[in-house]
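Breakdown of the fold
Single-letter residue listing:
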Amino acid sequence: MRRVIICMISLCVFAQPIFAENITPTEQRIADYIVKQQPAQIALLKKLVNINSGTENVKGVHRVGEMVRPQFKQLGFTTQWFEQPKSMHRAGTLIAEHQGTKGKRLLLIAHLDTVFPPQSDFQRFAINGNLATGPGVVDDKGGIVVILYALKALQAADVLKDTTITVVLTGDEEESGKPTSISRKPLIDIANNSDIALDFELGTLDTLTIARRGISNWFIRTEGNSSHSSEIFQNPVGYGAVFELSRILNTMRDELSNEEYLSFNPGIILGGTTIDFKKTTTTGSAFGKQNVIAKEAFASGDLRYISTEQKLDAKQKILTIVENHLPGTTASITFVDGIPSMPPTKDNLKLLKKYSAVSVTLGYGTITASDPNSRGAGDISYIANKMQANVSGLGPIGQGTHSTNETLALDALAMQTQRAALFIYRLTQE
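Below is a short write-up of the structure. (Residues numbered from 1 in each chain as written. Predicted model: local features only at pLDDT ≥ 70, side-chain atom pairs only at ≥ 80, totals over all residues. Heavy atoms only, no water.)

Looking now at the environment of Leu108. The residue Leu108 is located in strand β3 (residues 102-111) in this model. Each C-alpha atom of the pair Leu108 and Phe200 lies 7.3 Å from the other, and the pair is 92 residues apart in sequence. When near neighbours in sequence (up to four residues on either side) are disregarded, Leu108 contacts Ile147, Leu151, Ile165, Thr166, Val167, Val168, Leu198, Phe200 and Ile424. (Helix = DSSP H or I, 4+ residues; strand = E, 2+ residues; numbered from the N terminus. Contact = heavy atoms within 4.5 Å.)

On to the pattern of salt bridges. Evaluation of the coordinates by the stated rule reveals 19 salt bridges. The closest approach of N and O atoms between Arg69 and Glu66, which form a salt bridge, is 3.1 Å. Note that Arg69 and Glu66 are positioned in helix α4 (residues 58-74) at a spacing of 3 residues, about one turn of the helix. Linking Glu201 and Arg212 is a salt bridge whose minimum nitrogen-to-oxygen distance equals 3.0 Å. With Glu201 in the loop between β7 (196-199) and β8 (207-208) and Arg212 in the loop between β8 and β9 (214-223), this residue pair connects regions lying 11 residues apart in the sequence. Each member of the pair, Glu201 as well as Arg212, carries the same accessibility label: buried. Among the charged side chains, a salt-bridge network with shared partners connects Asp172, Arg184 and Asp379. (Salt bridge = Lys/Arg side-chain N within 4 Å of Asp/Glu carboxyl O. Buried < 20%, exposed > 50% of the residue type's maximum accessible area, 1.4 Å probe, protein only.)

So, about the layout of surface pockets. There is about 320 Å³ of room inside the second largest pocket. If you trace the second largest pocket, you find 22 residues lining it, with Thr308, Pro340, Ser341, Ser381 and Asn385 closest to the centre. With 3 residues, the top contributor of residues to the lining of the second largest pocket is helix α9 (residues 308-323). Looking at the lining of the second largest pocket, its residues break down into 8 nonpolar, 11 polar and 3 charged. (1 Å grid on protein atoms, 1.4 Å probe; cavity = no way out; pocket = protein on both sides within 12 Å on 5 of 7 lines; lining within 4 Å. Points joined across faces, edges and corners; volume = space filled by probe spheres on them. Nonpolar A, V, L, I, M, F, W, Y, C, P; charged D, E, K, R; others polar.)

What follows deals with the nonpolar core. Membership of the largest hydrophobic core comes to 73 residues, with the highest contact counts inside it found for Ile30, Phe72, Leu108, Leu151, Leu198 and Phe200. Those residues within four positions of Leu198 in sequence are excluded, and the remaining contacts are Leu107, Leu108, Ile109, Leu351, Val391, Leu394, Phe423, Ile424 and Leu427. Of all hydrophobic cores here, the second largest spans 20 residues; its members include Ile220, Ala241, Met252 and Ala299. (Core = buried A, V, L, I, M, F, W, Y, C linked by side-chain atoms within 4.5 Å.)

Turning to unusual backbone geometry, a few remarks are in order. Cis rather than trans, the peptide bond between Lys178 and Pro179 has omega equal to 5°. Position of Pro179 among the secondary structure elements: in the loop between β6 (163-170) and α6 (180-183). Geometrically, the link from Asn235 to Pro236 is a cis peptide bond, its omega value of 0° lying close to zero. Within the fold, Pro236 resides in the loop between β9 and α8 (240-256). A positive phi angle, close to 65°, is found at His402, a residue other than glycine. In this structure, His402 sits in the loop between β17 (398-399) and β18 (407-409). The exposure class of His402 is partly exposed, given its relative accessible area of 49%.

Nothing here speaks to function; it is geometry throughout.
Here it is in structure tokens:
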């Protein structure tokens, strides 16, 4: 059904004449170039998709980067790889820089890796009518070709010169190398010398992302008195570790689940006489008996939030819940921060309005802000607090990311590239 919806969206957009509003001759040349270059754009996308670049396939990620690197050089960009320590088992980051003096200093973000390892059955690019499938076709090799052909269009219109644009293509967005203080250092360093960040992950027909939730992980451990099950709830034995863990999780649900943009999910639970959890592999085991009160219990999950303030407030509330033990039990919790949030700001909203104006100019209609709950964390969140403004979701339109149903709406690829190109052009003229 969702594949049909994408077809209908594509036909709805392109079966009707495009009535552009107040488009300048330069902008028309940019838009026309992209339409003429669509076969070449799709051909490059096919080549990129057919190279496996699962995050841990370091050689494959490098191959994708080396395939696009000459394309940036032809546009006058200087390029370099920032490698990560071999112990991290991750590819580095490819940086392409174009230095000038005009307009806003732009940071364009995409990534080279996918979630599909070399042993995955999902390996090849395929076209079926107006749809294309393949690993990374929208997440995020499609985003890379949107960036490239937007920049090519600016060069063809002779408006790329004297602009300051930096493209950051990370090699481990899907599972970043740890610590992120190392793996995201190139991105952060570039952000310190940029004004606006544009992220080219999956886009939609009529929305743009001005806020993304951050993510932290949490680990709860509870202990009780191991004894015969007939003594549960009695002094001095108490309630056991499993009931204490259940109390904590249920109280979290009662007190926090209705807060806007806040979510938390217990992804794994263990309980019994003994438990063993391996954090590095997120696997574990437990031993217990029906007639023995559980001595140990464990749960881990994630916490998603829209701002640092919301994160800190939620952590404090959870800590208070954890500290109020059932009789005969103890409990503790630890938090490990992951990707920070990209909170909504007035400047992000202004940037959205500029993008919407571009879409209207091209005849594609107005753009509104997407729901932050609909989008996970991403690379742009690491640098959001360093920028004047940020938006995400400038990449191709599709569906099924992180699955073998990953699909690109081919007819919408030119639209997204035109939107991106005119958006970049106007920002570099400010």
